[in-house]
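Tertiary structure, described
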Amino acid sequence: MSKKIKAAVSHHELEVAELRADRELAVEYLKAAMESLDDPDDRAAGLLALRTVAEAYGGLGAVAAEAGISRESLYRTLSANGNPTLKTLLAVLKAVGMKLSVEPDQHVAA
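Residues numbered from 1 in each chain as written. Predicted model: local features only at pLDDT ≥ 70, side-chain atom pairs only at ≥ 80, totals over all residues. Heavy atoms only, no water.

Where an unreviewed UniProt entry is consulted, the protein chain appears under the name Addiction module antidote protein, with the organism given as Sideroxydans lithotrophicus.

**Here's the deal with helix α6 (residues 86-95)**
Put simply, the rule reads: Burial classes follow relative accessibility: with a 1.4 Å probe on protein chains only, a residue under 20% of its type's maximum area counts as buried, one over 50% as exposed, and anything between as partly exposed. Comment: elements are numbered from the N terminus, with helices defined as DSSP H or I runs of at least four residues and strands as E runs of at least two. This arc describes the spread of directions from the helix axis toward the C-beta atoms. Contact between two residues is taken to exist if any of their heavy atoms lie within 4.5 Å; hydrogens are not considered.
Taken together, the buried positions of α6 are Thr88, Leu89, Val92 and Leu93. On an axial view of α6, the arc spanned by its buried residues comes to 130°, and they lie on one face. For α6, the exposed residues set more than 90 degrees away from the buried face come down to Leu86, Lys87 and Lys94. Among the structural elements, α2 (23-34), α3 (43-56), α4 (60-67) and α5 (71-77) are those in contact with the buried residues of α6. Of the residues one or two after α6, Gly97 is the one with positive phi, at around 80°.

This is the structure in structure tokens:
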């Protein structure tokens, strides 16, 4: 008597699928993650979140092509040790249908 075991789905795969299915969730996810770019000790979280959104919206190869950079460069840039230029960051955001914006810092006194 053998049981069939369902293939497990990784957390990352599930996350990518959820972000692909819900655009508003992807925007809020990326907004929250981008706040971590201000903190040098937590910068990797923002870059990895952008990588996850890129995977959800076309895949890294397609996003790299749309952004005008090589796939390998995009992998390096959106890694835990990545350090994207402003040009690359803007191109990747545009490729996934988003843009950079500025909001006032709530921690700064008026």
